Number of protein chains: 2
Amino acid sequence: MSKPVAVTTPTARPAVDLGGFAAIVGARHVVTAPADMEPHLREARDLYQGVARAVVKPATTEEVAAVVRHARQLGLAVVPQGGNTGLVGGQIPGGDIDAIVLSLTRMDRVREIDPLTDTMTVEAGLTLLKVQELAEQADRLFPLSLASEGSCTIGGNIAANAGGTAVLAYGNTRDLVLGLEVVLADGRVWHGLNKLRKDNTGYDLKDLFVGSEGTLGIVTAAVLKLFPRPRSRAIAFCAVATPAAALDLLMLAKRQAGSALTTFELVPRIGVEFVVKHIPGARDPLSDAAPWYVLLELSSPAESGLDEIMEGLLEAAIEGGLVTDAAIAASLDQRAAFWTLREALSEVQKHEGGSIKHDVSVPVALIPQFLDEAIACVTAMVPGCRPVPFGHMGDGNIHFNVNQPAGSGDPAEKAAYLDQWDAMNAAVHAIVARHGGSISAEHGVGRLKRDLLPGFKDPVALDLMRAVKRAVDPDGLLNPGAVL
Amino acid sequence: MSKPVAVTTPTARPAVDLGGFAAIVGARHVVTAPADMEPHLREARDLYQGVARAVVKPATTEEVAAVVRHARQLGLAVVPQGGNTGLVGGQIPGGDIDAIVLSLTRMDRVREIDPLTDTMTVEAGLTLLKVQELAEQADRLFPLSLASEGSCTIGGNIAANAGGTAVLAYGNTRDLVLGLEVVLADGRVWHGLNKLRKDNTGYDLKDLFVGSEGTLGIVTAAVLKLFPRPRSRAIAFCAVATPAAALDLLMLAKRQAGSALTTFELVPRIGVEFVVKHIPGARDPLSDAAPWYVLLELSSPAESGLDEIMEGLLEAAIEGGLVTDAAIAASLDQRAAFWTLREALSEVQKHEGGSIKHDVSVPVALIPQFLDEAIACVTAMVPGCRPVPFGHMGDGNIHFNVNQPAGSGDPAEKAAYLDQWDAMNAAVHAIVARHGGSISAEHGVGRLKRDLLPGFKDPVALDLMRAVKRAVDPDGLLNPGAVL
């Protein structure tokens, strides 16, 4: 399923009196027993096993600030953590640093919901699912949506600038945040819980913290944008012959549906086969197999009108030869079934042996070319390997995952395949770079891709990032070893 | 029309050999004759008369970088300038600094239009109008739209994070920019012309430069987002009794029209009267006078469907008592006439004596309360003064302009009125601050509001801004005296 665990060896360290943390947050919120720390130190894909002095769980912004100040006094680094669902190890302290994990999960209050301003002010530890539900209760939409939404926190989403399946219409997390409250490395608090749509009084500090993966400050609360709740939806599962045809379909859908186009996800044939094979009850809604599929959804706050747009769109797409076959969901159950064909793709790959992952993006127009080259490249590297490239085509973001060749299930075979992780990454990332793309479209840098950055990022950009880090966290207290 | 000119007195300075600039950009692109420099040193509202050693006009990014390096050698500050349309003096060197103006107007090439990726890569000196036209020729929309679009440059728009009339649906300039090319204070170039919708490989440098008003770097080129071109529009001019009714109408319009709602502008009765009085051919489209109006536009890339949405919306609004009367434009001419009632508002105020300006925002829900308090406040300060608050209600951004009492046209009366500029600003800004608002919603800080910032901005935010400035431009070479 994954690259072998990066075992980190803690060096022997002098004891430190952690009593000061207990005085701030209460003794039962300073976790030091290895078994209790484990859920905070092991990462979902088992890529990282971290080491920490303690997991400290403050409940208020003031407590977070006090914990940061106290850690500074003790000479301990601070690694902020939300739901521990990040995929690049950004939330896991490596053995090379002497750190505490600062868990935000107890900061889970809703501070305000203001439906007239279309904002919601929440603390960092609320799960994304809870945020979505609260928005819905206020007859609004908070559009951020991703696989781990039941356990990831909004603070983690902000730290990672999470993407997901609604980016095409609503943008990344940074586009959904108006203001922030942030505890800085010196323990001061930036009170930036701005509810304004427009504020040109100086530098954009909000976006400096969004996506900085806890290395510049600790997000304790945020003002989120709310949107009108969709009242109608139309969803189609479309067969296309090639990614190039999918690209043409994307252009047509944008032209005909405009901002009603909220989902445009690419799925390869093998992905559908994996889902049908491993998910009970899942089935292919189309009678004939096709090499590629597009999950295309329209939504609108209006009560009606989408069905006509969808029918007109598919008619034009079939006439123009872009779509070879399509099914429109006629019920909520069918809609859910279509979504399963996309959302189960990560899960089902686990049943097909090792999978080498790439979270990459290229300019939208170059996706067909990128896929051609990347598929040819990995197939040449590992004959018989099974590329399962899927994802957010409308955003130029493909999860280029490659399963090992179909085989015996022999663990040695799997291990041998996964040994090629770094080499395959290097080859695919080189193609990405040639197309002006990004080697981390939505998962971030964390610890997983930190050492890759200098090979891909403009050196001036890296210098600017280092200068900003030094300016805001001169002693490197916050999440050292991540990003930079 | 304006606050009296801030006369800046240049101190006597030793001569500097400017020949090095001529060697870089060519002698005729180094302007030193006072009459030729004048258009670059006098600002549109006559608030600032600047002083510069020269206006230097490079034509390429390399030339910009060389000019910056040479200015550094000479110990001269660099004030970047686009179309010189900024309203806060950010583009005008004050007499307190020894500077050149670096004009970007010769950098006006289109580097690429990529309709499949929906991006356009242009140099900083292109006018906004030209950018709009190029997008339209590619059957796309670049939505940024503002009064000075014929002469302002896209680089200036980016430096100022310009707002305008399309923010409600498309966001501010920062939301319309994907990537940047920036010359830094040390003469290096950040090559960040990213065409990606998703890229989480580090800090968000793009948004650090957008809105930094030339104090952190000089934007030489940008990747802009393109959108589907609207193929249908529906526009209504609606009478409402109060701003509170306008707010209810906004909520209704969002709910019923969703992202098709692209304009929601508030206009007071006196504004309509001024336009009708001073703009030949302008007329009030409604038979009875109303205290307030909303210009409400829907647009969509679909060919049809908006008329029904607009009719349903107005029907519900009239039934609900939100709208007392409304006219829907039946032709392009009528649409233009409706827009004149909004777009001419700044212009017509010049014919009504002195006008004291505020470019402010508050959370959308607080606009009615803000207007009540601010109108009462200025009326108490200057009995008989005529508030003309108008603008981007959907974004919470009101141009709270206050004309002097109707009078004789006596220049002394006008001068006496304008003497109250700072006092009125202080009083209105205090109300803005009490409502969690911004004292510069879309025009920026520049030199006009720099000294006001410390009174309104969170001190930690100011410290962070200073730290970033020191990190990126440690010697204060770029636009000193602006923003910070």
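Residues numbered from 1 in each chain as written. Chains lettered and ligands numbered in written order. Predicted model: local features only at pLDDT ≥ 70, side-chain atom pairs only at ≥ 80, totals over all residues. Heavy atoms only, no water.

1. Remarks on the interface of chain A and chain B
On the chain B side, the residues contacting the 84 residues of chain A number 84 residues. Carbon and sulfur atoms supply 60% of the area that chain A and chain B bury against each other, a total of about 6400 Å² over both sides. If you look at where chain A meets chain B, you find ten salt bridges. Among the salt bridges present, the one from Arg174 of chain A reaches Asp204 of chain B, with a minimum N-O distance of 3.2 Å. Our enumeration of links across chain A and chain B arrives at 36 residue pairs in polar contact (both at pLDDT 80 or more). Tallying contributions element by element places helix 17 (residues 459-472) of chain A first for the side of chain A that touches chain B, with ten residues. (Contact = heavy atoms within 4.5 Å. Buried area = accessible area lost by both parts, 1.4 Å probe. Salt bridge = Lys/Arg side-chain N within 4 Å of Asp/Glu carboxyl O. Polar contact = N/O pair within 3.5 Å; in protein donor to acceptor, adjacent residues only side chain to side chain. Helix = DSSP H or I, 4+ residues; strand = E, 2+ residues; numbered from the N terminus.)

2. Brief notes about the domain arrangement of chain A
Residue and element names in this part refer to chain A. Split into domains, chain A comes out as domain 1 (110-228), domain 2 (232-346) and domain 3 (355-441). Taken together, the contact between domain 2 and domain 3 spans 16 residues of the former and 17 residues of the latter. Ranking the residues of domain 2 by area buried against domain 3 places Leu247, Leu266 and Phe274 at the top, with a combined share of 31%. Those elements that place two or more of their residues in the side of domain 2 that touches domain 3 are helix 8 (243-257), strand 15 (261-268), helix 9 (269-278) and helix 12 (345-349). Looking at the side of domain 2 that touches domain 3 residue by residue, the classes come out as twelve nonpolar, two polar and two charged. (Domains from an automatic or database assignment. Nonpolar A, V, L, I, M, F, W, Y, C, P; charged D, E, K, R; others polar.)

3. Thoughts on the UniProt feature "domain: FAD-binding PCMH-type" (unreviewed entry) in chain A
In this numbering, the UniProt entry assigns the feature "domain: FAD-binding PCMH-type" (unreviewed entry) to residues 48-229 of chain A. As annotated, residues 48-229 of chain A comprises 22% helix and 26% strand, and the C-alpha atoms at either end are separated by 39 Å. (UniProt positions renumbered as here; feature names shortened; annotations may be inferred.)

4. Some points on the sheet that holds strand 11 (residues 189-192) of chain B
Where strands meet in a sheet, backbone hydrogen bonds hold them as pairs that are either parallel or antiparallel. All names here are of chain B. Ordered in space as 7-8-12-10-11, the five strands form an open sheet in which the pairing is antiparallel. What marks the edges here is a single partner per strand, and that holds for strand 7 (110-114) and strand 11. The sheet shows a mean angle of 15° between the axes of neighbouring strands, direction not considered. Looking at chain direction, strand 10 (residues 177-183) and strand 12 (residues 218-225) are connected through six bridges and run antiparallel. (Pairing = 2+ DSSP bridges. Axes fitted to C-alpha atoms, helices over the stretch in contact; angles between N-to-C directions.)

5. Comments concerning the side chain of Asn425 of chain A
All names here are of chain A. If you trace the backbone, Asn425 turns up in helix 15 (residues 421-434). Look at Asn425 and you get buried, because its relative accessible area is 10%. Reaching out from Asn425, the side chain makes a polar contact with the side chain of His358 at a distance of 3.0 Å. When sequence neighbours within four positions are dropped, the list of residues in contact with Asn425 reads Ile356, Lys357 and His358. (Buried < 20%, exposed > 50% of the residue type's maximum accessible area, 1.4 Å probe, protein only.)

6. Considering the packing of aromatic side chains
Evaluated as defined, the whole model comprises ten aromatic pairs over all chains. Where Phe370 of chain A meets Phe400 of chain A, the ring centres are 5.7 Å apart and the plane angle is 65°; that geometry is what we call edge-to-face. Taken as a pair, Phe370 of chain A in helix 13 (residues 367-381) and Phe400 of chain A in strand 21 (residues 397-403) lie far apart in primary sequence, 30 residues in all. The pair Phe370 of chain A / Phe400 of chain A is uniform in exposure class, with both members buried. Note on Phe237 of chain B and Tyr293 of chain B: the rings are 4.9 Å apart at their centroids and 15° apart in plane angle, and the pair reads as stacked. Linking Phe237 of chain B in strand 14 (residues 232-240) with Tyr293 of chain B in strand 16 (residues 292-300), this pair joins segments that are 56 residues apart in sequence. Across the pair, Tyr293 of chain B and Phe237 of chain B agree in class, each one buried. (Phe/Tyr/Trp six-rings, centres within 6.5 Å; stacked < 30°, edge-to-face > 60°.)

7. Remarks on helix 13 of chain A
With 15 residues, helix 13 of chain A should cover 21 Å at 1.5 Å per step; its first-to-last C-alpha distance of 21 Å lies within 8% of that length. The set of residues buried in helix 13 of chain A consists of Ile367, Pro368, Phe370, Leu371, Ala374, Cys377 and Val378 of chain A. (Expected span 1.5 Å × (residues − 1).)

8. Here's the deal with the state of the cysteines
As enumerated under the stated definition, the model contains zero disulfides over all chains in all. Note on Cys385 of chain B: no disulfide assigned, nearest cysteine sulfur contributed by Cys377 of chain B at a separation of 9.1 Å. (Disulfide = S-S within 2.5 Å.)

9. Thoughts on the relation of the copies chain A and chain B
Least-squares fitting of chain A to chain B yields an RMSD of 0.0 Å, with the superposition described by an axial translation of 0.0 Å and a rotation of 180°. Those values place the two copies in the arrangement expected of a two-fold rotation axis. In this assembly the copies share their binding face: 100% of the residues contributing to the interface of chain A also contribute to that of chain B. (Least-squares fit on C-alpha atoms with pLDDT ≥ 70 in both.)

10. Things to note about the side chain of Glu442 of chain B
Examined against the element boundaries, Glu442 of chain B turns out to sit in the loop between helix 15 (421-434) and helix 16 (453-456). What makes Glu442 of chain B buried here is its relative accessible area of 9%. Contact partners of Glu442 of chain B, with chain neighbours within four places excluded, come to Lys198 and Asn200 of chain A together with Ala160, Asn161, Ala162, Gly163, Gly164, Asp359, His392, Asn397 and His399 of chain B.

11. Comments concerning the pattern of salt bridges
Any two side chains of opposite charge can pair, given that their charged atoms come close. What the rule picks out here adds up to 64 salt bridges over all chains. As a salt-bridge pair, Arg188 of chain B and Asp463 of chain A come within 2.7 Å of each other at their nearest N and O atoms. With Arg188 of chain B in the loop between strand 10 and strand 11 and Asp463 of chain A in helix 17, this residue pair bridges two chains. The exposure class assigned to Arg188 of chain B is partly exposed, which follows from its relative accessible area of 32%. Notably, a salt bridge pairs Glu347 of chain B with Lys350 of chain B, separated by 3.7 Å at the nearest N-O pair. We classify Lys350 of chain B as partly exposed; its relative accessible area is 43%. A network of salt bridges, in which partner residues are shared, links Arg109, Arg111, Glu123 and Glu181 of chain A.

12. Considering a negative patch on the surface
A surface patch of like charges, here negative, comprises Asp307, Glu308, Glu311, Glu315 and Glu319 of chain A. In this structure, Asp307 of chain A sits in helix 10 (residues 306-319). (Patch = residues over 30% accessible without salt bridge, like charges linked within 9 Å, V, L, I, M, F, W, Y side chains within 5 Å. Areas by Shrake-Rupley, 256 points an atom, 1.4 Å probe, with all protein chains shown as cover. Lys, Arg positive; Asp, Glu negative; His and termini not counted. Charge placed at Lys NZ, Arg CZ, Asp CG, Glu CD.)

13. A closer look at the sheet that holds strand 8 (residues 119-123) of chain A
Residue and element names in this part refer to chain A. Strands sit in the order 7-8-12-10-11 across an open sheet of five strands; the sheet is antiparallel. A strand with exactly one partner marks an edge of an open sheet, and here the two such strands are strand 7 (110-114) and strand 11 (189-192). Recorded for the sheet is a direction-independent mean angle of 15° between the axes of neighbouring strands. Sheet topology note: the strand 8/strand 12 (residues 218-225) ladder contains five bridges and is antiparallel.

14. Comments concerning the pairing of strand 16 (residues 292-300) of chain A
Residue and element names in this part refer to chain A. In terms of burial, strand 16 is a largely internal element, nine of the nine residues being buried. Every second residue of strand 16 is oriented toward a common face, with Trp292, Val294, Leu296, Leu298 and Ser300 on one face and Tyr293, Leu295, Glu297 and Ser299 on the other, all of them buried. Sheet topology note: the strand 15/strand 16 ladder contains seven bridges and is antiparallel. The partner of Thr263 across the bridge, within strand 16, is Glu297.

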